[in-house]
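Descriptive analysis of the structure
So you can see what is in the structure, the chains are spelled out below.
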Amino acid sequence: MTVKYHVNGLWIEKKDDQIIIGLSEKGQDDAGDIMFANLMIDSDYLEAGDTLIGVEGAKAVTDFTTPFAGNVLAIHEAIEEDFDLLNSTDRADNWIVKLRPKDTSLFSQLLDKPFPSEDSVG
């Protein structure tokens, strides 16, 4: 089990042949306290760049997109009813989707920390 981060504010955990995507500390910080969430996953397959979720927070209204293409294995539908799950720092609470990615090699290109340093953003 390895966790990496995407610059758009998501954490990505790799477990065997699947990945779990959730809202990272950076995503929480960018949006502020989440007050509304709308899951936007409407098929069994996602392309890289597809919107996973739209959130309304104290600081911003933001759409979070997936960096991976893949088959949808599970969607955390409870977050639409209990937005506070997205404010949690516990990955068991703030995950959004589980995918079987088309290409796992992209995982190695992700960040090791939720807040990228200036020299890691090019």
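Residues numbered from 1 in each chain as written. Predicted model: local features only at pLDDT ≥ 70, side-chain atom pairs only at ≥ 80, totals over all residues. Heavy atoms only, no water.

- Under the annotation held in an unreviewed UniProt entry, the protein chain carries the name Lipoyl-binding domain-containing protein and is attributed to Dolosigranulum pigrum ATCC 51524.

1. Examining the packing of aromatic side chains
- Applying the stated criterion to the full structure yields 1 aromatic pair.
- Taking the centre distance of 5.6 Å and the plane angle of 55 degrees together, the rings of phenylalanine 36 and phenylalanine 83 count as tilted. Of this pair, phenylalanine 36 sits in strand 4 (residues 34-39) while phenylalanine 83 sits in the loop between strand 8 (70-75) and helix 2 (91-94), and the two are 47 residues apart along the sequence.
- On the basis of relative accessibility, which here comes to 40%, the residue phenylalanine 36 falls in the partly exposed class.
- Look at phenylalanine 83 and you get partly exposed, because its relative accessible area is 23%. (Phe/Tyr/Trp six-rings, centres within 6.5 Å; stacked < 30°, edge-to-face > 60°. Helix = DSSP H or I, 4+ residues; strand = E, 2+ residues; numbered from the N terminus. Buried < 20%, exposed > 50% of the residue type's maximum accessible area, 1.4 Å probe, protein only.)

2. Digging into the sheet that holds strand 3 (residues 18-23)
- Read across the open sheet, the 6 strands follow the order 1-2-3-9-8-5; overall the sheet is antiparallel. Strands with a single pairing partner mark the edges of an open sheet, and in this sheet they are strand 1 (2-6) and strand 5 (45-46).
- One ladder, built from 5 bridges, connects strand 1 with strand 2 (residues 10-15); its direction is antiparallel. Counted as the bridge partner of tyrosine 5 is tryptophan 11 from strand 2. (Pairing = 2+ DSSP bridges.)

3. Looking at the sheet that holds strand 4
- The strand order across the open sheet built from 3 strands is 4-6-7, with neighbouring strands paired in antiparallel fashion. A single partner strand is all that each edge strand has here, and the edge strands are strand 4 and strand 7 (61-65). Going across the sheet, the axis of each strand differs from the next one's by a mean of 20 degrees, ignoring polarity.
- Across 5 bridges, the pairing between strand 4 and strand 6 (residues 51-57) is antiparallel. Its bridge partner being in strand 6, phenylalanine 36 is matched across the sheet by glutamate 56. (Axes fitted to C-alpha atoms, helices over the stretch in contact; angles between N-to-C directions.)

4. Section: the pattern of salt bridges
- Counted under the stated rule, the structure contains 6 salt bridges.
- Note that lysine 26 is salt-bridged to aspartate 30, the shortest N-O span being 2.6 Å. Here the residue lysine 26 and the residue aspartate 30 both occupy positions in helix 1 (residues 25-31), the gap between them amounting to 4 residues, near one helical turn.
- Residue aspartate 30 is classed as partly exposed on the basis of its relative accessible area of 35%.
- Three or more residues are tied together by salt bridges with common partners; here these are Glu13, Lys15 and Arg91. (Salt bridge = Lys/Arg side-chain N within 4 Å of Asp/Glu carboxyl O.)

5. Thoughts on the nonpolar core
- Core analysis: the biggest nonpolar cluster contains 25 residues, and Leu52, Ile53, Leu86 and Ile96 have the highest contact counts within it.
- Looking at this core, the elements that each hand over two or more residues are strand 2, strand 3, strand 4, strand 6 and strand 9 (95-101).
- Grouped together as the second largest cluster of nonpolar side chains are 5 residues, Tyr5, Ile20, Trp95 and Leu111 included. (Core = buried A, V, L, I, M, F, W, Y, C linked by side-chain atoms within 4.5 Å.)

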